Amino acid sequence: MTELKEIFVTDIEEFESVDVVEILVAVGDRIEINQAVITLESDKAMMDFPSLHAGVVKIINVQVGEKVCEGDVLLALEIEDEVAKEKQVESASNTAKVNESELGLISSPIALNSIPTKVSIQDEHAYASPAIYEYARDLGVDLSKVQGSGRKSRILKQDIQSHVRTNLHQHPGGRQVKAAARSKSLDFSFYGETDSVELTKIQKLTAKNLLAAWQGIPHVTHFDQADVTLLEQHRKQLAIELSSKDIKLTPLAFVIKALVVTLKQFPQFNASLDTESEQLILKKYFHIGIAVDTPQGLLLPVLRDADKKNIAKVAAELMELGDLARQRKLTPKQMGGASMTISSLGNLGGQAFTPIINPPEVAILGLSKMIIQEDITASGVVQKKLLPLSLSYDHRVINGADAARFCTHLKGVLEDIWKLIL
Ligand code: CAO
């Protein structure tokens, strides 16, 4: 005989309500006694609700993000018979006690239908639910080394999985089973001859930083195009003048200036997110990072106080920073501290790309090769020059509407260069 058994919220002590932060099972899952089914969180603690019964999940009554109160039904299980049920309750109580002492968790009194196990957020270095602590422990993962991607940087199961995957690649001398998997997948001798090239120090560092940025920041990229026909006419005239001073004036210098004007209007783009204090740090300076392609790898020198420099000075400094980067002569002071970075693929080609944010910045602007567009008008064929813009932003800090407004403003400045002096 089968019976539906409800698992409801009990023993949440002083809290009026708590948030559902993770649902650890799905409808149809067969679960074991004492298996954590749902993670709840108050502002002080996180708790996993284990089931006192083994059975099949038939109904999930809550959703992530929902608030639940004492007595609310979390889910319903189909359990097999009454006799088994009696045994389950008994053994669950024992198992729960063992688990609590093993994990060193703060336990609350055992409730009739569920036994929450808790982790005090203040007490633990890593911010994760008890089920995640257990998962990490089983895999031998040090949670303090795992970057959390959940709300308030909470560590999720997939964070541990990506941490393990990353370590598989970074520590070839790790566990034997990992090494075997790696060498098997990277042995191409069956297909033909190969060569191995050691990555440069810069490439190794860049790989690590890019991976961390990609995994740690929810990226979204917004694409747009600015009509730079007039800007280009003006630039070409000015470039002739500046060439006599050995200054090469490229579109990038104008984009730097236009970006500064736009950052002034949208301070949340000239910012860094402090995940610990959950504050946005707004910067009052305008230092623009520039991605420079060098034979050793990618370097990111920073053009400081771009708001205080005219176009000629910006162009001259751009050349200087590019040269220093290629000669590997940049000092630490010339790198770091950027408000935002520009990655320009200039005349190299491509129509758009998705640049990766350079933390602790919250956005990066990518530039691709200008597109020549021919428009047929009443007065004949008119050629337009369009500059493709790819703006990647940290979606924790910037929403899509802000990104669209930011790009529209930037376009406006590039299309009407008099705005550059504002
Ligand atoms: N469309 C068309 N032409 C462009 C352009 C664009 N968007 N941007 C620049 N150009 C032109 C310039 O006007 C210049 O033309 P001339 O040689 O006829 O004068 C030419 O392209 C070369 O410019 P440049 O690359 O020397 O100078 P820059 O100021 O545009 O860029 C720098 C400087 C340091 C950013 C660049 O040399 C560089 O390293 N770019 C690569 C950055 C990179 O790798 N980004 C990707 C990072 S993610 O892997």
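Up top you'll find the structure we're talking about.
These numbers come from a predicted model, not from an experiment.

Chemist: Would you mind going over the overall build of the protein chain with me for this structure?
Modeler: A tally of helices and strands in the protein chain yields nine helices and 21 strands. The proportion of buried residues among the 422 residues of the protein chain is 42%. Once local pairs closer than 6 in sequence are excluded, the contacts in the protein chain between residues at least 24 apart make up 63%. When the accessible surface of the protein chain is split by element, carbon and sulfur atoms take 54% of a total near 23,000 Å².

Chemist: Teacher, can you tell me more about the pairing of strand S13 (residues 279-282) here?
Modeler: Each regular strand shows side chains that alternate between the opposite faces of the sheet. Relative to S13, strand S12 (residues 271-274) is paired through four bridges, and the arrangement is antiparallel. Its bridge partner being in S13, alanine 271 is matched across the sheet by leucine 282. Connecting the antiparallel pair S12 and S13 is a turn made up of four residues, with glutamate 278 showing a positive phi of about 55°.

Chemist: Is there a simple way to explain the environment of valine 25 in this structure?
Modeler: You can see valine 25 is positioned in the loop between strand S2 (18-23) and strand S3 (30-31). A relative accessible area of 6% places valine 25 in the buried class. What valine 25 contacts, discounting residues up to four positions off in sequence, is Ile31, Gln35, Ala36, Val37, Val57, Ile60 and Leu75.

Chemist: Any chance you could explain helix H9 (residues 400-415) here in plain terms?
Modeler: Residues that lie three or four places apart on an α-helix share one face, since the helix turns once every 3.6 residues. Compared with the 22 Å implied by 1.5 Å per residue over 16 residues, the 22 Å span of H9 between its first and last C-alpha is a close match. Those residues of H9 that sit buried are Asp402, Ala403, Phe406, Cys407, Leu410, Gly412, Val413 and Leu414. Its buried side turned inward, H9 meets strand S11 (219-227), helix H6 (229-243), helix H7 (251-265), strand S18 (340-344), strand S19 (363-367) and strand S21 (380-394).

Chemist: Can you walk me through the pairing of strand S8 (residues 73-79) in this structure?
Modeler: Across the seven residues that make up S8, a large majority, five, are buried. Across six bridges, strand S1 (residues 3-8) lies against S8 in antiparallel orientation. Each residue of the ladder has a partner; that of phenylalanine 8, found in S8, is valine 73. Sheet topology places strand S6 (residues 55-60) next to S8; four bridges connect them, and they run antiparallel. Looking at S8, one finds that valine 57 is bridged to leucine 77.

Chemist: In this structure, what is going on with the nonpolar core? I would like to understand it.
Modeler: Inside soluble globular proteins, nonpolar side chains tend to come together where they are buried. The biggest cluster of nonpolar side chains holds 56 residues, and the ones touching the most others in it are Ile256, Ile288, Ile342, Leu365, Leu391 and Leu414. Put simply, the parts of the chain that give this core at least two residues each are H6, H7, strand S14 (288-290), helix H8 (311-326), S18, S19, S21 and H9. Looking at which element gives the most residues to this core, the answer is H7, with 10 residues. The contacts of leucine 365, once residues within four sequence positions are left out, are Val255, Leu259, Met340, Thr341, Ile342, Ser343, Pro355, Leu389, Ser390, Leu391 and Leu410. Ile31, Val37, Ile38 and Leu77 belong to the second-largest nonpolar core, a separate cluster that totals 19 residues.

Chemist: Looking at this structure, how should I read unusual backbone geometry?
Modeler: The general pattern is negative phi for most residues beyond glycine and trans for most peptide bonds. The step from proline 359 to proline 360 runs through a cis peptide bond, and the omega angle for that step is 10°. As for its placement among the helices and strands, proline 360 is situated in the loop between S18 and S19. Located in the positive-phi region is aspartate 246, a residue other than glycine, with phi close to 60°. If you trace the backbone, aspartate 246 turns up in the loop between H6 and H7.

Chemist: Explain the pattern of salt bridges to me, please; I cannot follow it from the model alone.
Modeler: Any two side chains of opposite charge can pair, so long as their charged atoms come close to each other. Going through the model one piece at a time under the given rule, you end up with 13 salt bridges. Among the salt bridges present, the one from glutamate 317 reaches lysine 313, with a minimum N-O distance of 3.4 Å. One end of the pair, glutamate 317, and the other, lysine 313, are both in helix H8, four residues apart, so they sit about a helical turn from each other. With relative accessibility at 13%, the residue glutamate 317 sits in the buried group. Between aspartate 375 and lysine 384 there is a salt bridge, with the nearest N and O atoms lying 3.1 Å from each other. Among the residues examined, lysine 384 registers a relative accessible area of 26% and is labelled partly exposed. Within this structure, Glu232, Arg235 and Lys385 form a network of salt bridges that share partners.

Chemist: What am I meant to see in the site of the ligand here?
Modeler: Close to the ligand lie 20 residues, the nearest being Thr250, Asp293, Ser343, Ser368 and Met370. Note that an oxygen atom of the ligand is positioned 3.0 Å from one of the backbone N or O atoms of aspartate 293. In this structure, methionine 370 approaches the ligand through a main-chain N or O atom, which is 2.9 Å from a nitrogen atom. For the ligand, whose free accessible area comes to 970 Å², the fraction covered by protein is 68%. A per-class count over the shell around the ligand returns nine nonpolar, six polar and five charged.

Definitions and limits used
- Chains are numbered independently. Their residues run from 1 in the order of the written sequence.
- This being a predicted model, a pLDDT of at least 70 is required before a residue's local features are given, and a value of 80 or more before pairs of side-chain atoms are given or counted; all residues contribute to the totals for chains, interfaces and linings.
- The basis for every side-chain value is the complete set of non-hydrogen atoms in the structure, without hydrogens or water.
- For helices the rule is a DSSP run of H or I covering at least 4 residues; for strands it is a run of E covering at least 2, with both sets numbered from the N terminus onward.
- A 1.4 Å probe rolled over the protein chains alone gives each residue an accessible area, and that area as a share of the maximum for its type sets the label: buried under 20%, exposed over 50%, partly exposed in between.
- Here a residue-residue contact requires only that any non-hydrogen atoms of the pair lie within 4.5 Å.
- Calculation of accessible area relied on Shrake-Rupley with a 1.4 Å probe; when residues are assessed, cover is drawn exclusively from the protein chains displayed.
- In short, DSSP must find at least two bridges between two strands for them to pair.
- For a helix, the expected span equals 1.5 Å multiplied by the residue count minus one.
- For the purposes of this section, nonpolar cores are sets of buried Ala, Val, Leu, Ile, Met, Phe, Trp, Tyr and Cys residues that join through side-chain atoms within 4.5 Å.
- Only one rule defines a salt bridge in this text: a Lys or Arg side-chain nitrogen within 4 Å of an Asp or Glu carboxyl oxygen.
- Working definition: residue near molecule or strand if any one of its non-hydrogen atoms lies within 4 Å of it.
- For the purposes of these results, a polar contact is taken to be a pair of N or O atoms within 3.5 Å, where, inside protein, one atom must be able to donate a hydrogen and its partner to accept one; residues adjacent in sequence count only when each atom of the pair is a side-chain atom.
- Gly is placed with the polar residues, together with every amino acid not listed as nonpolar (Ala, Val, Leu, Ile, Met, Phe, Trp, Tyr, Cys and Pro) or charged (Asp, Glu, Lys and Arg).

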